[in-house]
Amino acid sequence: MPGSGGKLPGGRNYNSGITGFIQSGFAIMKKQRVAVFDFACCEGCQLQLLNMDEKLLDLLAVVDIVEWREGMSEHGAAYDIALIEGSITRPEDEERIRRIREQAPVLIELGACASIGGVNKIKNASDLDEVKSCVYGSSAGLPQFATYQTKAIHEVVQVEYTIHGCPIDLVEFTKVMTSIVIGTKPDIPSYPVCVECKMRGNPCRYDYNELCLGVITRAGCNAPCPSAGFWCFGCRGLVDDPNVNAARGMMKEYNITLESLVDKIALFNTR
Ligand code: SF4
Ligand code: SF4
Ligand code: SF4
């Protein structure tokens, strides 16, 4: 596993990944038991976990996965860490997440659907009759759950950690899991994507007359979208203390209307 390296107490070297931690000689007292659960989502974040390939084996050196519908079929085991993907979109989802919470010493929101409601929350600000008519036709009935307001996981139960993004970033996921396993606090950035974008030397999308949400979006992804010539669409949610004045200044300088900003924010950050 790639790692930037560093020193552990006592001067021993380590790599920043889970494998490096094991190689450092620190004993793992007890393997953490991890369970993965999904609610309303595309399951893309779980797919990201499968995309870890051999790095998933590194993770399995320090945790036991005891429940994972997409990756394995065993059910009903006790767990120490619950990874939750997806949004709460029905009353019965609330009951289920509460049951999971009762059994989970540590609960982690995984990805935008879980952490901010993501695209599932667009419904909250939509005319449901119009949506129903568009999707199912005008003669269809409105499903009972359609009037339920979509929620992020932390809007229903307490969560210990959040891994942002749509989908999650595997480097960040590995860092967070490593921190939890070794008992330190994961470092989740509270500055905007612009910081990482500038560090990568990217031209700013505003100079191409595009509205980019990197100004107000939480960093941690290393700005892949502006680095690929695309604007940031805010999938990691708003940064804790967005610099609204800077955003206003940018909008004024580039003649961007409030309506176009609101439209773009709505994709991932509808309340
Ligand atoms: S955050 Fe994105 S990739 Fe992950 S489950 Fe939701 S829609 Fe899918
Ligand atoms: S392209 Fe977007 S993320 Fe990059 S500096 Fe400009 S506004 Fe910020
Ligand atoms: S640049 Fe923006 S849209 Fe792209 S991954 Fe990062 S937060 Fe998400």
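Residues numbered from 1 in each chain as written. Chains lettered and ligands numbered in written order. Predicted model: local features only at pLDDT ≥ 70, side-chain atom pairs only at ≥ 80, totals over all residues. Heavy atoms only, no water.

*Asks:* Teacher, can you tell me more about the site of ligand 3 here?
*Replies:* Residues in close proximity to ligand 3 include Thr-217, Cys-221, Pro-224, Cys-225, Pro-226, Cys-232, Phe-233, Gly-234, Cys-235 and Arg-236, which together make up its full environment. Across the shell around ligand 3, the residue classes break down as seven nonpolar, two polar and one charged. (Near = heavy atom within 4 Å. Nonpolar A, V, L, I, M, F, W, Y, C, P; charged D, E, K, R; others polar.)

*Asks:* Would you mind going over unusual backbone geometry with me for this structure?
*Replies:* The phi torsion of most residues other than glycine is negative, and most of the peptide bonds are trans. Along the chain, Cys-166 connects to Pro-167 via a cis peptide bond; the corresponding omega equals -5°. Checked against the element boundaries, Pro-167 lands in the loop between strand S7 (161-163) and helix H7 (170-182). Positioned with a positive phi, Glu-43 is a non-glycine residue whose angle comes to about 65°. Assignment of secondary structure puts Glu-43 in the loop between strand S3 (32-38) and helix H2 (44-50). Relative accessible area serves as the criterion here: at 22%, Glu-43 is assigned to the partly exposed category. (Helix = DSSP H or I, 4+ residues; strand = E, 2+ residues; numbered from the N terminus. Buried < 20%, exposed > 50% of the residue type's maximum accessible area, 1.4 Å probe, protein only.)

*Asks:* Would you take a moment to explain the site of ligand 2 for this structure?
*Replies:* Within the structure, ligand 2 sits among Cys-194, Cys-197, Lys-198, Cys-204, Arg-205, Tyr-206, Cys-212, Gly-214, Val-215 and Pro-226. Of the residues belonging to the shell around ligand 2, the class tally is seven nonpolar, one polar and two charged.

*Asks:* I would appreciate a short explanation of the environment of Tyr-191 in the present structure.
*Replies:* Looking at where Tyr-191 falls in the secondary structure, it is placed in the loop between H7 and helix H8 (193-199). The contact partners of Tyr-191, leaving out residues within four places of it in the chain, are Glu-196, Thr-217, Arg-218, Ala-219 and Val-239. (Contact = heavy atoms within 4.5 Å.)

*Asks:* Quick question: what am I supposed to make of the pattern of salt bridges here?
*Replies:* Proximity of charged atoms lets side chains of opposite charge pair with each other. Overall, the coordinates contain eleven salt bridges when judged by the stated rule. Glu-94 is the salt-bridge partner of Lys-151, the closest N and O atoms lying 3.1 Å from each other. With Lys-151 in the loop between helix H6 (128-136) and S7 and Glu-94 in helix H4 (residues 91-103), this residue pair connects regions lying 57 residues apart in the sequence. Using a relative accessible area of 22% as the deciding quantity, one classes Lys-151 as partly exposed. (Salt bridge = Lys/Arg side-chain N within 4 Å of Asp/Glu carboxyl O.)

*Asks:* What's the story with the packing of aromatic side chains in this structure? I'm lost.
*Replies:* For any pair of aromatic rings, geometry is given as the distance between the ring centres together with the angle between the planes. As enumerated under the stated definition, the model contains six aromatic pairs in all. With 5.4 Å between their ring centres and 55° between their planes, Tyr-206 and Tyr-254 make a pair best called tilted. With a gap of 48 residues between them, Tyr-206 in the loop between H8 and helix H9 (224-227) and Tyr-254 in the loop between helix H10 (244-253) and helix H11 (258-269) connect regions that are remote in the sequence. A relative accessible area of 4% means that Tyr-206 is categorised as buried. (Phe/Tyr/Trp six-rings, centres within 6.5 Å; stacked < 30°, edge-to-face > 60°.)

*Asks:* Before we go on, may I ask you to explain the environment of Leu-267 in this structure?
*Replies:* Relative to the elements of secondary structure, Leu-267 occurs in helix H11. What makes Leu-267 partly exposed here is its relative accessible area of 32%. Along the primary structure Leu-267 and Asn-120 are separated by 147 residues, whereas in three dimensions their C-alpha atoms are 9.0 Å apart. Residue contacts for Leu-267: discarding those within four places in its chain leaves Gly-118, Val-119, Ile-122 and Phe-233.

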